[in-house]
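Overview (structure and organization)
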Amino acid sequence: MKTIVFVGAGSMAQAMIHGWMKEATVSPENVYIMNKSDQEKLASLNETYGVQLVCENREIVKTADLVILAMKPKDVQDGMNSIAAYLPPTAVVLSILAGVPMDTIEQGLGKRPIARCMPNTSASIGMSASAVAWNDKMESKEKAEIIQLLKTIGSVIEVEEDELHVITALSGSGPAYVYYFVEAFEKAAVASGISSQVARELLVQTIAGSAEMLKQSNETPATLRKQVTSPGGTTEAGIEALQESGFADILARCLNEAATRSRELGKRYI
Ligand SMILES: NC(=O)c1ccc[n+]([C@@H]2O[C@H](COP(=O)([O-])OP(=O)(O)OC[C@H]3O[C@@H](n4cnc5c(N)ncnc54)[C@H](OP(=O)(O)O)[C@@H]3O)[C@@H](O)[C@H]2O)c1
C-alpha cells in the first residue's frame, strides 16, 4: 500500500504518523494529510518529515491505496461525503473511529475492503496496543499489509468487530487512565511532602517496571501483587484502603461507561 491518505489529522493520526516516520515504515512523500483546518502542528509535520499537506484538495484521494479515516465520530458523515466521489474502487479503508461500525462506512464509501482499528496514542513512540477487525471484503494480502503497518507502531491483535467497544474502553482510552492515576498519586505524594519531580520519576519507573514484569514473568498479576504484599506491611494497608474504597468496582464502572459511550457513538452518527 504505497499511497496513504489520512482524512483527519488530530492527535491520534499524528501519533501514528510520528510512529511510522520514526520507524521509517512509510515514505513521507507517499503520505497525504487531508484535514478540515490547516493547523500549525500540521505544518510542523510537513517540515519535520516531509509528509504532504492536502487540506481541501480531494483529488489526491484518486491515487490512494489506503485511506485512513481519523476524524471524530461526529464528523464521519461529512468526512466520507467529501471523499466518496474520488475514492478508487481498489482503495482499502482503515477506520480508527471509536464506536462507528464498518456497516456505516460501507454505506458511505461502498462495499470495499474495510478495517476497523483501535490504536492508542503511544503509537507515537511505537508502543500502541492496537486491535483490528475486518469486513468480509478484506483479502489476506491486504490484512497482512495492514497488520505490518500497525506492528511498526506497537502490538496488534485481530478481534471481532463487536469486541471493539470494550477494547476502545480498555486500551484506546487506557493511556488516559494511566495518566490520571499518575496525576492523582503525584498530587497525593506532594500533599504528603514529596516533591512532584521525585514523585513523578518514581511513579513512572514503577509503572514501566511493573508493566515489564507482567510481560516478562509468567506470573499472574495477582501473584505479582502478593509478592509485594508483606503480611501486616505497608502494601497490605494500601491495598485494604483501595478495597474498602471499592477500587475494583470503580474500574469496572469506568470500563462499562466508556464501552457504553462507544456503542452510543456508533448509533448516533449513522
Ligand atoms: N485520541 C485518541 O487517543 C484516540 C485513540 C484511538 C482512536 N481515536 C479515534 O481517532 C479519531 C480522531 O481522534 P483525535 O483524538 O485524533 O481527534 P482530533 O484531535 O479532534 O482530530 C480530528 C481531526 O479531524 C479533522 N476533521 C474533522 N472533520 C474533517 C473532515 N470532514 N475532513 C478532514 N478532516 C476532518 C479535525 O479538523 P478540525 O480540528 O479543523 O475540526 C481534526 O483535526 C476519533 O474518531 C477517535 O475516536 C482516538
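For the chain, an unreviewed UniProt entry supplies the name Pyrroline-5-carboxylate reductase and the organism Paenisporosarcina macmurdoensis. The UniProt entry for the chain carries this comment under Function (unreviewed entry): "Catalyzes the reduction of 1-pyrroline-5-carboxylate (PCA) to L-proline." Here is the UniProt Sequence similarities (unreviewed entry) comment for the chain, exactly as written: "Belongs to the pyrroline-5-carboxylate reductase family."

What to know about the pairing of strand β8 (residues 154-158)
Where strand β7 (residues 128-134) lies against β8, five bridges are found, and the strand directions are parallel. When the sheet's bridge partners are listed, Ser130 is paired in β8 with Val156. Once you follow β7 into helix α5 (residues 140-151) and on to β8, the crossover reads as right-handed.

Details of the site of the ligand
Around the ligand, the structure places 23 residues, and the nearest of them are Met12, Asn35, Ser37, Met71 and Ala98. Within the backbone of Met12, one N or O atom sits 2.9 Å away from an oxygen atom of the ligand. The separation between an oxygen atom of the ligand and a polar main-chain atom of Ala98 is 3.0 Å. Because more than half of its atoms lie within 2 Å of the grid, the ligand is assigned to the second largest pocket. Taken together, the residues of the shell around the ligand sort by class into twelve nonpolar, eight polar and three charged.

A word on the side chain of Asn35
Relative to the elements of secondary structure, Asn35 occurs in the loop between β2 (31-34) and α2 (40-49). With residues near it in sequence (within four places) discarded, Asn35 still touches Gly8, Ala9, Leu42, Cys55 and Glu56.

Quick word on the layout of surface pockets
Its boundaries defined by the atoms lining it, the second largest pocket holds a volume of some 1100 Å³. What lines the second largest pocket is a set of 43 residues, among which Met12, Ala70, Met71, Lys72 and Pro73 lie closest to the centre. Within the residue set of the lining of the second largest pocket, elements represented by two or more residues are α1 (11-23), α3 (76-83), α6 (164-172), α7 (174-191) and α11 (247-268). For the lining of the second largest pocket, a count of residues per class yields 20 nonpolar, 14 polar and nine charged.

Conventions and cut-offs
- Residues numbered from 1 in each chain as written.
- Predicted model: local features only at pLDDT ≥ 70, side-chain atom pairs only at ≥ 80, totals over all residues.
- Heavy atoms only, no water.
- UniProt positions renumbered as here; feature names shortened; annotations may be inferred.
- Pairing = 2+ DSSP bridges.
- Helix = DSSP H or I, 4+ residues; strand = E, 2+ residues; numbered from the N terminus.
- Right-handed = clockwise from strand over helix to strand, strands pointing away.
- Near = heavy atom within 4 Å.
- Polar contact = N/O pair within 3.5 Å; in protein donor to acceptor, adjacent residues only side chain to side chain.
- 1 Å grid on protein atoms, 1.4 Å probe; cavity = no way out; pocket = protein on both sides within 12 Å on 5 of 7 lines; lining within 4 Å.
- Sits in = over half its atoms within 2 Å of the grid points.
- Nonpolar A, V, L, I, M, F, W, Y, C, P; charged D, E, K, R; others polar.
- Contact = heavy atoms within 4.5 Å.
- Points joined across faces, edges and corners; volume = space filled by probe spheres on them.

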